[in-house]
Amino acid sequence: MRLLRLDVDDFGPYRGTQRYDFAGVPGVELLWGENGRGKTSLLNAIRYALFGVVLGRASAQIDLTTVGNRDHGSNEPSPFKTTLTFEHGGQTFKLTRAYGVSDGAGGVRERVSLVRDGDVLGPEERDQQMARLLPEQIARFFLFDAELLQEYEQLLNPGSDAGDKLKAAIERILGVPVLTQARDDVAATLKRARTLQAKAAQKDKATRDLGNNLQIAQDYADQARNNVEALTEQVESLQTDVNEVERSLAGSARYQKLLATRNERRLEVERLQQRSTERNDELAARASEIWRAVASPLVTQRLAELERLDDDLSERYRRAIEAQQGALAVSTGQCPTCKQEVGTAAAALLHPHKPTDDPATLQAEMVALRSRRAALRAIGGDPALIARLEREADQARVDLSDAQGQLDDVEADLADAPPGTLEAVSTIIEQLAGYKASLTNTRNRLAEARADAVAKENAVTALSDRLHRAGAGSTGVEDRRVALLSQLLALLTAAVTDFRDRLRESVEEEATKIFRLLSAEPDYDRLRINDSYGLSILFADGSPVINRSSGYEHVVALSLTAALQRCSPMSGPFITDSPFGRLDGRHKRHVLATLPQISDQVMLLVHDEELDRQMALGLLQDGQLVAEHHLRRVSGRHTQIERGAPA
Amino acid sequence: MTQPAAAGGTERVNVAFTQAVEPVARRLQTRLRMPNLMDVARIAVAFAVRQDLPLGRPSDFGPASNANYNVGSLDPGRDLRGLVLALHPDLTDDPYRVIETLMNVGTLELDRQVNAGTVVSLQDLLVTS
């Protein structure tokens, strides 16, 4: 497909009838326009012409009643029209879509027409023709919106919603559905053949039971398949709900973030409140013992004194006993211990040991002292423990106070919200959480239902095989038909797998070629594709680049898009808004130099801050830059498309 | 009627804050975040003996007739009593009367030091190294 011309009537800022003539030769064309002039609107005009939709931020569909030009000052829905002329396979097509034609009851409606080589196609043929030429599901690879780059990263996370949708779109552009539809058609034919096989078997006495069982098994398998289909629809419906609610939240991102922060901080305050309570409780549990820790230094000091006194008393007591025994020996002439006679000489030696202290008095003092010592030892007390518990309780209190302060700040910010905003956002967030929970639940049920359907299908196959082996004449024709279709189904199933594998290899190879042209990092060696067509960057040693930059996200997405264009049986223009948004100067040069290899028809919607015109002229030599247009401001609601670069 | 403990007389079974000291004790309870007023009373006794405050009652002591505690609750292991007697072996007064004195004068002294900024938290009452 090659675009030839776009005519717009009162579409967005394009007041009146205006035309954009695409270059008639292969190459890159540039459309220059400042912010707000209508670059995205022009991309949307092409999108509207092709698919009847106009997209805003985050791919949200824009209400068509707001699309018409408002330069006349009215706030009423304004009519608008787009006509896209293109050629494909040697034929010229003119696709017109007009919005706002009265339906006779004061309302608005849309009118679409497709003219092929001068012949107006009927509605059915028109839709079939458009679905063949450029299905809406793969529009993203032709009308490239750099703001949707994050979706390509989702391909690295198998099972993600955006990734699954993108994978389906990729397989569509690569032509996988041709095979999968053939496989599904054969599966449906096989199912009908088995029904006939069961009926034929039921007519024969010898195979009646098997036939009955096969029919019952088929019924069960049908129910299981219906269940899978119903759950699949539920999942899609819930996913749509989730997407819509997420879109409705997009406009209140600030309050959504504040509410999330508030909820986090509330939880943090609750956690710290709990911790503070626990620390206080720990200290309170020791409160009746704190006095012991307070008395502890004095108790320790007094205990040391008592130890010394006890030592002194013990020594004095020993000496007093010795003196008492000596005096007794001298006075009685006999040792009171060993009962030996004490001679004069020995008595002279014992004579100086006169008793000075009364042992009984000393003993009583010792008993009293040791009683005091025991009382003091009983005091105990652990000052370090009490100090630690109090420090921890204090810290918990400070942490709680800080968290409460932060919560108060967020509450103050939220208090500035317009009346009703928070309630509305909270409601939507709750709604979203509900949808997401339902979605997860339904997905789980779907996975179970799929497994159940496979089991039931296997049961049908087993019974069908048994009938075939039974070799009854009454089912012979049906058996052979089932056998043939089974083999065909197996062949197509294997072909789908093989085709996918080969496509992935081709996409990986082509994407790597483009990536090497785009990348400015010599250590980045190649790309590796996963089952979902997600691409990882690899170093030369085969290890993946972890957490690649947003700039390289852009480069990888462009590589994939270019590879899909090359590997696809469909070919078309590559029109991109803000193509260099995340790229530095070096990568911009690489992208610009590579663009002519992506498609025969490349159109870039840029502003002069994003792309230096002299650089573009320098890189797109040898006739690669085939046309330039610019968007001239007439007023805030009126832009004019003009040929050539801006002055 | 009580008799000196050393003489083997009957010891008192209740102790109390005076009217003037009780509000001070409650203030300290809040400041030190103690669950019970009795905890303040015990800490005050320990603080008083650490400060070596006189065991005798000052002339302006006043009647101890406010918050009233059974000594079995205040000193269930009789360790406070043991502390006072171990530190003052020559004590002839009823030890629980002394404890009552110390909990009142200790509370006032502790409050004075809190107000002076000498004591800000429990840790200031502890020697941990």
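Look a little higher up for the structure.
The structure displayed is predicted, hence computed values, not measured ones.

So, how was this worked out
- Residues numbered from 1 in each chain as written.
- Chains lettered and ligands numbered in written order.
- Predicted model: local features only at pLDDT ≥ 70, side-chain atom pairs only at ≥ 80, totals over all residues.
- Heavy atoms only, no water.
- Helix = DSSP H or I, 4+ residues; strand = E, 2+ residues; numbered from the N terminus.
- Rg over C-alpha atoms; globule rule 2.2 N^0.38 Å.
- Buried < 20%, exposed > 50% of the residue type's maximum accessible area, 1.4 Å probe, protein only.
- Contact = heavy atoms within 4.5 Å.
- Areas by Shrake-Rupley, 256 points an atom, 1.4 Å probe, with all protein chains shown as cover.
- Lys, Arg positive; Asp, Glu negative; His and termini not counted.
- Charge placed at Lys NZ, Arg CZ, Asp CG, Glu CD.
- Axes fitted to C-alpha atoms, helices over the stretch in contact; angles between N-to-C directions.
- Parallel < 35°, antiparallel > 145°, perpendicular 65-115°, else oblique.
- Nonpolar A, V, L, I, M, F, W, Y, C, P; charged D, E, K, R; others polar.
- Core = buried A, V, L, I, M, F, W, Y, C linked by side-chain atoms within 4.5 Å.
- Expected span 1.5 Å × (residues − 1).
- Bend = angle between axes of the 7 residues up to and from the residue.
- Polar contact = N/O pair within 3.5 Å; in protein donor to acceptor, adjacent residues only side chain to side chain.
- Buried area = accessible area lost by both parts, 1.4 Å probe.
- Salt bridge = Lys/Arg side-chain N within 4 Å of Asp/Glu carboxyl O.
- Arc of directions from axis to C-beta.
- Pairing = 2+ DSSP bridges.

Peer 1: What is the right way to read the overall build of chain B from this model?
Peer 2: Looking only at helices and strands, one finds five helices and two strands in chain B. Of the regular secondary structure in chain B, the N- to C-terminal order runs β-α-α-β-α-α-α. Computed over its C-alpha atoms, the radius of gyration of chain B comes to 14 Å, within 12% of the 14 Å expected for a compact globule of 129 residues. Along the first, second and third principal axes, the C-alpha atoms of chain B reach 40 × 35 × 30 Å. By residue count, 53% of the 129 residues in chain B fall in the buried class. Considering only contacts in chain B between residues 6 or more positions apart, those separated by 24 or more positions represent 79%.

Peer 1: Whenever I open this one, the overall build of chain A confuses me. Can you help?
Peer 2: What chain A contains, in helices and strands, is 16 helices and 14 strands. The C-alpha radius of gyration computed for chain A amounts to 45 Å, which surpasses the reference 26 Å derived for 647 residues by more than 25%, pointing to a less compact arrangement than a globule. Over its C-alpha atoms, taken along the principal directions, chain A stretches across nearly 155 × 90 × 60 Å. The buried share of chain A, reckoned over its 647 residues, is 42%. Within chain A, residue pairs in contact and separated by at least 24 positions form 70% of the contacts whose partners lie at least 6 positions apart. Within the structure as shown, chain A displays about 32900 Å² of accessible surface, and the carbon and sulfur contribution to it stands at 49%. Within chain A, one finds 82 positive and 96 negative side-chain charges whose respective centroids are separated by 3 Å.

Peer 1: Even after reading the chapter, I still don't get the packing of helix α14 (residues 550-567) of chain A against helix α15 (residues 585-598) of chain A, so can you show me in this structure?
Peer 2: A pair of packed helices is characterised by two quantities: the angle between their axes and the separation of those axes. Residue and element names in this part refer to chain A. For the pair α14 and α15, interaxial distance at closest approach is 11 Å and the crossing angle is 10 degrees. Here α14 is positioned roughly parallel relative to α15, judged by the angle of their axes. Each of Tyr552, Val555, Leu558, Ala562, Gln565 and Arg566 in α14 lies in contact with α15, whose residues at this interface are His587, Val591, Gln597 and Ile598. Split into classes, the residues belonging to the contact of α14 with α15 amount to six nonpolar, three polar and one charged.

Peer 1: Whenever I open this one, the nonpolar core confuses me. Can you help?
Peer 2: The nonpolar side chains of a soluble globular protein tend to be buried with one another. Residues A:Phe86 and A:Leu174 are the most contacted members of the largest nonpolar core, which totals 90 residues. Sorting elements by how many residues they give to this core places α14(A) first, with nine residues. In contact with A:Leu174, other than residues within four places in its own chain, are A:Phe499, A:Leu503, A:Val507, A:Tyr533, A:Leu564, A:Cys567, A:Ser568 and A:Pro569. Listed in part, the 65 residues of the second largest apolar core include B:Tyr69, B:Leu83, B:Met103 and B:Leu126.

Peer 1: In this structure, what is going on with helix α8 (residues 290-332) of chain A? I would like to understand it.
Peer 2: Because an α-helix completes one turn every 3.6 residues, residues spaced three or four positions apart along the sequence face the same direction. Residues and elements named next belong to chain A. In this model α8 runs 60 Å from its N-terminal to its C-terminal C-alpha over 43 residues, within 8% of the 63 Å that 1.5 Å per residue would give. For α8, the principal kink sits at Ser296 and spans about 50 degrees; a proline, Pro297, occurs within the next four residues. Of the residues flanking the end of α8, it is Gly333, one or two places downstream, whose phi is positive at about 70 degrees.

Peer 1: For this particular structure, what's the right way to read the side chain of A:Thr639?
Peer 2: Residues and elements named next belong to chain A. With respect to the element layout, Thr639 can be found in strand β14 (residues 638-643). Its relative accessible area of 1% is what places Thr639 among the buried residues. At 2.7 Å, the side chain of Thr639 forms a polar contact with the backbone oxygen of Arg37. Leaving out residues up to four positions away in the same chain, Thr639 has contacts with Pro13, Tyr14, Arg15, Gln18, Arg37, Leu631 and Arg632.

Peer 1: Looking at this structure, how should I read the environment of A:Tyr255?
Peer 2: Residues and elements named next belong to chain A. With respect to the element layout, Tyr255 can be found in helix α7 (residues 253-285). Separated by 88 residues in sequence, Tyr255 and Gly343 place their C-alpha atoms 111 Å apart. Every residue in contact with Tyr255, bar those within four places of it in the chain, is listed here: Leu414, Asp416, Ala417, Pro418, Thr421, Leu422 and Val425.

Peer 1: What is the right way to look at the interface of chain B and chain A in this model?
Peer 2: Size of an interface: often given as the accessible area lost when the parts come together. Each partner contributes to the interface: chain B provides 24 residues, whereas chain A provides 27 residues. Each partner contributes to the roughly 2400 Å² buried at the junction of chain B and chain A, and carbon and sulfur atoms together form 70% of this total. Between chain B and chain A we count two salt bridges in total. Across the pair B:Arg33 and A:Asp394 runs a salt bridge whose closest N-O atoms are separated by 2.8 Å. Linking chain B with chain A are seven residue pairs in polar contact (both at pLDDT 80 or more), by the criterion used here. Put simply, the parts of the chain that give the side of chain B that touches chain A at least two residues each are α2 (37-50) and α4 (79-87) of chain B. Tallying contributions element by element places α2(B) first for the side of chain B that touches chain A, with seven residues. Among the residues forming the side of chain B that touches chain A, the class breakdown is 15 nonpolar, four polar and five charged.

Peer 1: In this structure, what is going on with helix α1 (residues 21-31) of chain B? I would like to understand it.
Peer 2: Residues and elements named next belong to chain B. Of the residues making up α1, those classed as buried are Val21, Glu22, Val24, Ala25, Leu28 and Gln29. All buried residues of α1 project into a common sector of 155 degrees when viewed along the axis, lining one side. On its buried side, α1 packs onto α2 and α5 (95-115). Downstream of α1 by one or two residues, Arg33 has phi in the positive range, about 55 degrees.

Peer 1: Whenever I open this one, the pairing of strand β13 (residues 625-635) of chain A confuses me. Can you help?
Peer 2: Both faces of the sheet carry side chains from a regular strand, because those side chains alternate between them. Residues and elements named next belong to chain A. Pairing geometry for strand β3 (residues 27-32) and β13, over five bridges, is parallel. For Glu29, the partnering residue across the bridge sits in β13 and is Ala627. By the bridge criterion, six bridges tie β13 to β14 in an arrangement that is antiparallel. Considered in β14, the bridge of Ser635 is made with His638. Count of turn residues in the β13/β14 antiparallel hairpin: two residues.

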